[in-house]
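# Topology and contacts: notes
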Amino acid sequence: MASVGPITLYREKSVIHRFANQALHGAEAPAFVLRSNRLTMEISAQSHSDTVVVRGHTIASTMRMAGLVAERFTRDPELFRPDNPYPPDWDALWTRMLSAYERTFNSNIWVSVHVGGDTVFTTKDSPPILAIERMAQGADLDERTVRDATRDLFGTATDTDIVAQHDSQTAVVVTPFSNYLRAAILERKEGRTGSFSISVHHTPTRKVTPHEVLFFAADLIESYNLRQFLDRVPGKETTYATAPEHLQEHIAAAVSRRNELVQFIDGFETANKVQYRPERPVL
């Protein structure tokens, strides 16, 4: 029987500095800066277990891609075996998952999927990401791993030539319990951080799956972020009628997408027993 979890998503920032001829020229600008969301997910079946890493540009898209992986693995525990005769078309699945709003107003959106250090799917050509995940093999990242993984990208650089800085903040944790699945979510608003959690309960006739909770939490997070965006737009007191003309199309699309997400959320809450702590966020 296939199982998925626990699941943790981190907001991460990795900065690599390379120092060359420091005595003459001083420190150079960062060789690269990598910002992404990094989700780790344990998957196991009767014969094997793996750690899946999903990276992405936004939290919601990262969680939805992880949801696709979890759903496919639950259906086919041999999903990532080398001899699997029916590998999924990840590119098609990712494309269908993207909303019209994301395609239009977030053209830089990207994801990648890594299993045991191997890159299974990516929409972004990023040698640093591939090198880091190949070395980490699903483990949590630290400055030494980032430095050692990217050293070869700089030719003959030595340990003293490379300095890595790595910051990580836990943003979402999905934990399975016997009677329910819980997602704890960190929220950021106006420079402050808070948190809330959702618990989705099993019923006597049906168990809630990890991918359902991932998709639901992604909808909550995206809806919450869109509300924050709309709250910052000038003219909200007059239903955005006085907002700058160049923002009108974006605002209309954001309102439409938010309404769509709220419908999804309401439908999920109607079909399932969902508990919020301390309370349901304003969407």
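This text follows the structure it describes.
Structure report, in brief. Quick caveat, the model's predicted, so the values are computed rather than measured.

## Observations regarding the overall build of the protein
Within the protein, the secondary structure is distributed over eight helices and nine strands. Taken against the 2.2 N^0.38 rule, which gives 19 Å for 283 residues, the C-alpha radius of gyration of the protein at 21 Å falls within 12% of a compact globule. Its C-alpha atoms put the protein at 65 × 60 × 35 Å along the principal axes. The buried share among the 283 residues of the protein stands at 48%. For the protein, long-range pairs separated by at least 24 residues make up 61% of all intrachain contacts whose partners lie at least 6 apart in sequence. Treating the 31 positive side-chain charges of the protein as one cloud and the 35 negative ones as another, the clouds have centres 4 Å apart.

## Comments concerning helix α2 (residues 59-75)
Here α2 is 17 residues long and its end C-alpha atoms lie 24 Å apart, about the 24 Å a rise of 1.5 Å per residue gives. With respect to burial, α2 is a largely interior element, 14 of its 17 residues being buried.

## Concerning the pairing of strand β4 (residues 111-115)
Counted residue by residue, β4 has five buried out of five residues, so it is predominantly covered. Of the two faces of β4, the one carrying V111, V113 and V115 and the one carrying S112 and H114 are both buried. Where strand β3 (residues 49-56) meets β4, five bridges bridge the pair, whose relative direction is antiparallel. From the neighbouring strand, G56 faces β4, where its bridge partner is V111. Two elements, β4 and strand β5 (residues 118-122), share four bridges in a ladder whose sense is antiparallel. By the bridge assignment for β5, V115 is matched with D118. The antiparallel pairing of β4 with β5 creates a hairpin that spans two residues between the two strands, and G116 there sits at a positive phi of about 55 degrees.

## Observations concerning the side chain of H114
When you line up the elements, H114 lands in strand β4. Judged by its relative accessible area of 1%, H114 is buried. Within the structure, H114 has its side chain in polar contact with the side chain of T119 (distance 3.0 Å). Excluding anything up to four places from it in sequence, H114 contacts T51, V52, V53, T119, V120, I129 and E133.

## Let's talk about a negative patch on the surface
Taken together, the side chains of D140, D142, E143 and D167 define an acidic patch exposed on the protein surface. Assignment of secondary structure puts D140 in the loop between α5 (127-136) and α6 (143-150).

## A word on the pattern of salt bridges
Pairing between side chains of opposite charge can happen when the charged atoms of each approach one another. Here the structure, examined in full by the defined rule, presents 17 salt bridges. Put simply, R151 and D148 hold a salt bridge, and the shortest N to O gap is 2.8 Å. Judged by relative accessible area, D148 falls into the buried class, the value being 18%. Through salt bridges that share partners, R64, E102, D219, E222, R257 and E260 make up one connected network.

## Observations regarding the packing of aromatic side chains
One pass over the full model with this rule turns up four aromatic pairs. Look at Y101 and F105: their rings are 5.4 Å apart centre to centre, the planes differ by 40 degrees, and that puts the pair in the tilted class. In this pair, Y101 and F105 are both assigned in helix α4 (residues 100-105), four residues apart and thus about one turn of the helix distant. Taking relative accessible area as the criterion, F105 reaches 28% and is therefore assigned partly exposed.

How each quantity is defined
Residues numbered from 1 in each chain as written. Predicted model: local features only at pLDDT ≥ 70, side-chain atom pairs only at ≥ 80, totals over all residues. Heavy atoms only, no water. Helix = DSSP H or I, 4+ residues; strand = E, 2+ residues; numbered from the N terminus. Rg over C-alpha atoms; globule rule 2.2 N^0.38 Å. Buried < 20%, exposed > 50% of the residue type's maximum accessible area, 1.4 Å probe, protein only. Contact = heavy atoms within 4.5 Å. Lys, Arg positive; Asp, Glu negative; His and termini not counted. Charge placed at Lys NZ, Arg CZ, Asp CG, Glu CD. Expected span 1.5 Å × (residues − 1). Pairing = 2+ DSSP bridges. Polar contact = N/O pair within 3.5 Å; in protein donor to acceptor, adjacent residues only side chain to side chain. Patch = residues over 30% accessible without salt bridge, like charges linked within 9 Å, V, L, I, M, F, W, Y side chains within 5 Å. Areas by Shrake-Rupley, 256 points an atom, 1.4 Å probe, with all protein chains shown as cover. Salt bridge = Lys/Arg side-chain N within 4 Å of Asp/Glu carboxyl O. Phe/Tyr/Trp six-rings, centres within 6.5 Å; stacked < 30°, edge-to-face > 60°.

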